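Descriptive analysis of the structure
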Amino acid sequence: MEEEAKKERNEEVESDGGDGGVEMVRVLVVDDSPVDRKIVEMLLKKSGRMFEVIAVDSGEKAMEVLGLSEVTIGRPHFNDQKIDVILTDYCMPQMTGYDLLKAIKEHDSLKSIPVVMMSSENDPQRISRCGGIGAEDFILKPLKIKDVQRLRTYAVPRTPISKSGTKRKLPVDLVAENSGYETCQRVAKVAVA
């Protein structure tokens, strides 16, 4: 119940579901096709519980989630949802995936978010056009497991916030195999930095 309340307030939720401390990657899926959207959601959710999916059916709704629409433009912060990667269809009515990509890459606060385009058409000109303005990749529909694995490389996951808010994970190479003095020095340098 507390976890649901945190999600409603857009706070990060600490997972204790046996994911082994894996950091969650928040993916915004944008596709006007309910079937394609559901396939993408299922693939992402079944791929090792690494992805948290926010799915919308249009570029306009994606803009709202990102804080770029007229409805949300008065908000002080962009990307309140803390999106790590955007996966969008190229062909959609009203606002195309290409238009969404352009809007994101033109905005200073959002241009660092990786955007991956998807389409059922293998059009080299379209692929080149998207890559030219900053798309990380272009994936052909329907998505497959190997495509989901590629998505992991584009997203820089956020470290979940601990309940106390002060803990942080140390890189694996800093964890001591035996309690030697040299390891303690390395950890101390990280803590000071």
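No experiment lies behind these values; they were computed from the predicted model shown.

Let's talk about the nonpolar core
Core analysis: the biggest nonpolar cluster contains 26 residues, and Leu-28, Val-30, Leu-66, Ile-83, Ile-86, Met-117 and Cys-130 have the highest contact counts within it. Looking at this core, the elements with two or more residues in it are strand E1 (25–30), strand E2 (51–56), helix H3 (59–66), helix H4 (97–105) and strand E4 (115–119). Ranked by residue count, the leading element in this core is H4, at five residues. Apart from the residues within four sequence positions on either side, Cys-130 is in contact with Tyr-90, Tyr-98, Leu-101, Met-117, Ala-135 and Phe-138.

Re empty space enclosed by the protein
Applying the stated rule across the entire model yields one cavity of 30 Å³ or more. Taken as a whole, the largest cavity encloses approximately 40 Å³ of empty space. What lines the largest cavity is Asp-31, Asp-36, Ile-39, Val-40, Met-118, Lys-141, Pro-142 and Leu-143. With three residues, helix H2 (residues 34–46) is the single largest residue contributor to the lining of the largest cavity. Looking at the lining of the largest cavity residue by residue, the classes come out as five nonpolar, no polar and three charged.

What to know about the pattern of salt bridges
For the structure on display, the rule yields 10 salt bridges. Note that Asp-31 is salt-bridged to Lys-141, the shortest N-O span being 2.8 Å. Linking Asp-31 in the loop between E1 and H2 with Lys-141 in the loop between strand E5 (137–140) and helix H6 (145–154), this pair joins segments that are 110 residues apart in sequence. Under the relative-accessibility criterion, Asp-31 is labelled buried at 0%. Asp-57 is paired through a salt bridge with Lys-61; the nearest N and O atoms lie 3.2 Å apart. Given a relative accessible area of 32%, Asp-57 falls into the partly exposed group.

Cut-offs used in this document
- Residues numbered from 1 in each chain as written.
- Predicted model: local features only at pLDDT ≥ 70, side-chain atom pairs only at ≥ 80, totals over all residues.
- Heavy atoms only, no water.
- Core = buried A, V, L, I, M, F, W, Y, C linked by side-chain atoms within 4.5 Å.
- Buried < 20%, exposed > 50% of the residue type's maximum accessible area, 1.4 Å probe, protein only.
- Helix = DSSP H or I, 4+ residues; strand = E, 2+ residues; numbered from the N terminus.
- Contact = heavy atoms within 4.5 Å.
- 1 Å grid on protein atoms, 1.4 Å probe; cavity = no way out; pocket = protein on both sides within 12 Å on 5 of 7 lines; lining within 4 Å.
- Points joined across faces, edges and corners; volume = space filled by probe spheres on them.
- Nonpolar A, V, L, I, M, F, W, Y, C, P; charged D, E, K, R; others polar.
- Salt bridge = Lys/Arg side-chain N within 4 Å of Asp/Glu carboxyl O.

Remember that the coordinates give geometry; whether it matters functionally is a separate question.
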